[in-house]
Amino acid sequence: MAVGTSQDVIKKPGLFQILKDTRYVFWREMLLPLRDPFSLIFSLIQPLVFLGLFGPLLGSAVGAPAFGGQSTLQWFLPGVVVMIALFGTSMTGSNLQYELMTGSYERILATPLSRSSLMIGRALKEWAPLVVQGLLIALACIPFGFVFYPLHVLFGLVILGIFGIGLGALSYALALVSQSKEWIFWAVQQTLLFPLMILSGIMLPVEAGPDWMKTASLFNPLTYLVNAERELFAGNVGTDTLAGLLAAVVSAAVGLFVGVRTTNRNIK
Amino acid sequence: MIHTDKLSKNFVVKKETVEAVKAVNIDVAPGELVAFLGPNGAGKSTTLRMLTTLLRPTSGTATVAGVNVVSDPAGVRARIGYIGQGNGGGHSFRVIDELIMQGRFYGMNTADAKARAEELLKSLDLTDLAKRTVIKLSGGQRRRMDVALGLMHSPRLLFLDEPSTGMDPQNRANLWEHITRMRAEYGTTIVLTTHYMDEADTMSERVIVIDHGQIIADDTAARLKANLAGDLLAVEVAAGSAQDVRGLLGRAAAGGELQENASDGVVRFRLRLPEGARLAPALLKEMNDAGAPAQSLELKPPTLDDVFLELTGRNLREGANR
Ligand SMILES: Nc1ncnc2c1ncn2[C@@H]1O[C@H](COP(=O)(O)OP(=O)(O)OP(=O)(O)O)[C@@H](O)[C@H]1O
Ligand SMILES: [Mg+2]
């Protein structure tokens, strides 16, 4: 019957509307950590602990040549930052799960907020602490021989933010499809995250691995992201940065497409 | 304000199709207050969800506030308010924060949103709880917060899915005061569902009775009761004279059922008598003339439950027997 006849053109929200809505969604989510300063402080210093313990081991474990002649820290630090971004934004959907169980998600779905802003705002909330964390880590590492290029690092964080929107939207979609079966969310998130990370050379250089790994890493958007961050953290802007930015934009586009589609499917 | 044409929704659960809403036609004029009444699983929430664009109809069309729900869902959402059956506040958020953000979602500026939130908190008796996190509220407090969320942006058309469930009488009265005031001040159109029959009865002008996904009655509560149910009359006579009035009462029941219970030398007859208050005196006289005077009489005005019973043969409270 007369559902969605051909002359029904579904109106799409404009970019300005999406930005405005994103701001509101982002703010709402940010109220959670802001109202709970202890969790905020803890989450900010957590990476420092990780870095302090893992960094010293790294230099001795892998031969220096694999790190492309850079100092261990200069090579390793961008990896840590990417990893924090991954862990953070891939959890975007986990907070949503609670809201799906109560009527909170439905209440927000009934407001005029654009669909994409719902996931962008949430993803950016997971990304936001990274800006502080990233700068903190960088500063803390200066005494140990890390050379800090603030503008390059900031640009690197922006690229991670763009990528985070994509990953966050996918995580959001995952929460929607695994509704009422919470474990599925975690199972999928963990199962995908770790192989992707290892195959991108975040923690250990893939160059040291077998050929099939190197080939696989070429199809992993994370690889380009990590390379871009390494280039930027070393104070250079070049083809790696460009490739990373492109990978981030493509990931964001794909993520949002899947996320909005899943949201709309969910109301069928 | 609302117009639907054969609006339907099927769910497929494990390859079985559930026809939750079957081709309903609803028309609501601006400023009306309409209550959906029906047992669990009747399709009330599903209908509301389709009208608020939270569910896509399987077939049929719906226009809400002048906008088609399928072709411009965002347009519909911008023109309505919705209080769902679940709790709308996010668990870890503070009450006041959620209210202000809700206002922002609808384009209010922060100052206006704050003022409105405080006003609503006050009148819904929540001021002391403003800084609590939602998870620490009681069920009734949470429900009041839901209502505050829905009223934040003073919508022209408001949908409420069982708004008063879990509230104590005092707060139900508060809620109704709000609804009444919104209608008086802004001419707000209100569509709600309820399980409280007295609420549908006394507060709304129009009751839509829904059962198994179909509208089985749609009228004012007064007319539904007068036309469908009639007053419930119980009279007791001495056991010896019961046979003298059985025929008489049977005729008064006008085709309806005449129930009969005998105990302790009295027989208790029960029947439905349309316009009972007007007809009962004459009936008593007839009984007297027949030599069987009534020893006691009880006349109960009909409730919407009686209407539902009359329409479906089932009690509203028994549920839909699915
Ligand atoms: N998402 C869903 N998936 C499958 N079936 C559903 C879904 N939502 C509702 N139903 C079914 O559709 C029917 C109507 O449900 P609905 O929630 O509209 O009832 P209701 O009148 O609001 O009942 P209540 O008074 O219990 O809230 C029920 O049989 C229900 O099981
Ligand atoms: Mg319901």
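Heads up: the structure comes first, above all this text.
Now for a look at the structure at hand. In this text, all values refer to a predicted model and were calculated from it rather than measured experimentally.

Conventions used here
- Residues numbered from 1 in each chain as written.
- Chains lettered and ligands numbered in written order.
- Predicted model: local features only at pLDDT ≥ 70, side-chain atom pairs only at ≥ 80, totals over all residues.
- Heavy atoms only, no water.
- Helix = DSSP H or I, 4+ residues; strand = E, 2+ residues; numbered from the N terminus.
- Buried < 20%, exposed > 50% of the residue type's maximum accessible area, 1.4 Å probe, protein only.
- Contact = heavy atoms within 4.5 Å.
- Areas by Shrake-Rupley, 256 points an atom, 1.4 Å probe, with all protein chains shown as cover.
- Lys, Arg positive; Asp, Glu negative; His and termini not counted.
- Charge placed at Lys NZ, Arg CZ, Asp CG, Glu CD.
- Phe/Tyr/Trp six-rings, centres within 6.5 Å; stacked < 30°, edge-to-face > 60°.
- Lys NZ or Arg CZ within 6 Å of the ring centre and 35° of its normal.
- Buried area = accessible area lost by both parts, 1.4 Å probe.
- Salt bridge = Lys/Arg side-chain N within 4 Å of Asp/Glu carboxyl O.
- Polar contact = N/O pair within 3.5 Å; in protein donor to acceptor, adjacent residues only side chain to side chain.
- Nonpolar A, V, L, I, M, F, W, Y, C, P; charged D, E, K, R; others polar.
- Pairing = 2+ DSSP bridges.
- Axes fitted to C-alpha atoms, helices over the stretch in contact; angles between N-to-C directions.
- Core = buried A, V, L, I, M, F, W, Y, C linked by side-chain atoms within 4.5 Å.
- Near = heavy atom within 4 Å.

## Considering the overall build of chain B
Moving on, step 1. If you tally the helices and strands in chain B, you get eleven helices and 15 strands.
Moving on, step 2. Split into buried and exposed, the 322 residues of chain B put 52% on the buried side.
Moving on, step 3. Here the contacts in chain B between residues at least 6 apart in sequence split such that 69% fall between residues at least 24 apart.
Moving on, step 4. Counting every atom, chain B has about 14000 Å² of accessible surface; 48% of that belongs to carbon and sulfur.
Moving on, step 5. Where the 39 positive side-chain charges of chain B centre and where its 40 negative ones centre are 7 Å apart.

## Examining the overall build of chain A
Moving on, step 1. For chain A, the helix and strand inventory stands at eleven helices and zero strands.
Moving on, step 2. Ordered by position from the N terminus, the helices and strands of chain A form the series α-α-α-α-α-α-α-α-α-α-α.
Moving on, step 3. With 268 residues in all, chain A has 48% of them scored as buried.
Moving on, step 4. Residue pairs in contact within chain A that sit at least 24 positions apart in sequence constitute 79% of those at least 6 positions apart.

## Some points on the packing of aromatic side chains
Describing an aromatic ring pair means giving the distance of the ring centres and the angle of the ring planes.
Moving on, step 1. Under the criterion given, the structure shown has four aromatic pairs over all chains.
Moving on, step 2. Three or more aromatic residues joined by ring pairs form one cluster here, namely A:F146, A:F148 and A:F233.
Moving on, step 3. The side chain of A:R28 reaches across the aromatic face of B:F93, ending 4.0 Å from its centre.

## Considerations on the environment of B:S92
Moving on, step 1. With respect to the helices, strands and loops of the structure, B:S92 is situated in the loop between β7 (80-83) and α3 (95-105).
Moving on, step 2. Separated by 43 residues in the primary sequence, B:S92 and B:I135 have C-alpha atoms spaced 6.4 Å apart.
Moving on, step 3. Discounting residues that sit within four places of it in the chain, B:S92 has contacts with A:L32 and B:T133.

## Regarding the interface of chain A and chain B
Moving on, step 1. Chain A puts 32 residues into the contact, and the matching count from chain B is 36 residues.
Moving on, step 2. Both faces considered, chain A and chain B share a buried interface measuring about 3200 Å² in area, 61% of it formed by carbon and sulfur atoms.
Moving on, step 3. Across the salt bridge formed by B:D97 and A:R35, the nearest N and O atoms sit 2.7 Å from each other.
Moving on, step 4. Applying the counting criterion to the chain A and chain B interface returns eleven residue pairs in polar contact (both at pLDDT 80 or more).
Moving on, step 5. Breaking the side of chain A that touches chain B down by element, the ones donating at least two residues are α1 (15-34) and α5 (104-109) of chain A.
Moving on, step 6. The element best represented in the side of chain A that touches chain B is α1(A), accounting for eight residues.
Moving on, step 7. For the side of chain A that touches chain B, the per-class residue count stands at 16 nonpolar, five polar and eleven charged.

## Focus: the sheet that holds strand β14 (residues 266-273) of chain B
Paired through backbone hydrogen bonds, the strands of a sheet run either parallel or antiparallel to each other.
Residue and element names in this part refer to chain B.
Moving on, step 1. Pairing is antiparallel in the open sheet, where four strands are placed in the order β13-β14-β12-β15. The outermost strands of the open sheet, each flanked by one partner alone, are β13 (259-263) and β15 (296-300). On average, each strand axis in the sheet is inclined to that of its neighbour by 15 degrees, with strand direction left out of account.
Moving on, step 2. Summarising the sheet, strand β12 (residues 231-238) and β14 pair through eight bridges and their orientation is antiparallel. Residue pairing across strands places V235 opposite F269, the latter belonging to β14.

## Some points on the nonpolar core
Moving on, step 1. Counting 51 residues, the largest nonpolar core has B:V64 and B:F159 as the members making the most contacts within it.
Moving on, step 2. Element by element, the count of residues in this core is highest for helix α7 (residues 150-177) of chain A, at five residues.
Moving on, step 3. By size, the runner-up hydrophobic cluster in this structure holds 46 residues, among which are B:I96, B:L126, B:V134 and B:V147.

## Focus on the site of ligand 1
All names here are of chain B.
Moving on, step 1. Near ligand 1 lie 15 residues; those nearest to it are G41, K44, S45, T46 and Q85.
Moving on, step 2. Take K44: an N or O atom from its side chain is 2.8 Å from an oxygen atom of ligand 1.
Moving on, step 3. Take S45: an N or O atom from its side chain is 2.7 Å from an oxygen atom of ligand 1.
Moving on, step 4. Relative to its unbound accessible area of 640 Å², ligand 1 is 69% covered by the protein chains.
Moving on, step 5. Taken together, the elements giving at least two residues each to the shell around ligand 1 come down to β1 (2-13) and α1 (44-51).

## A few points about the pattern of salt bridges
Moving on, step 1. One pass over the structure, following the stated rule, counts 27 salt bridges over all chains.
Moving on, step 2. In this structure, B:R49 engages A:E106 in a salt bridge whose closest nitrogen and oxygen atoms are separated by 2.5 Å. Of this pair, B:R49 sits in helix α1 while A:E106 sits in helix α5, placing the two residues on different chains.
Moving on, step 3. Relative accessible area serves as the criterion here: at 24%, B:R49 is assigned to the partly exposed category.
Moving on, step 4. Residue A:E106 is classed as buried on the basis of its relative accessible area of 17%.
Moving on, step 5. The salt bridge involving B:R272 is made with B:D306; its shortest N-O contact spans 3.0 Å. Here B:R272, found in strand β14, pairs with B:D306, found in helix α11 (residues 304-312); they are 34 residues apart in sequence, far enough to count as distant.
Moving on, step 6. With a relative accessible area of 21%, B:R272 lands in the partly exposed category.
Moving on, step 7. Among the residues examined, B:D306 registers a relative accessible area of 17% and is labelled buried.
Moving on, step 8. Salt bridges sharing common partners tie together A:R28, A:E29, A:E99, A:R107, A:R122 and B:E98.

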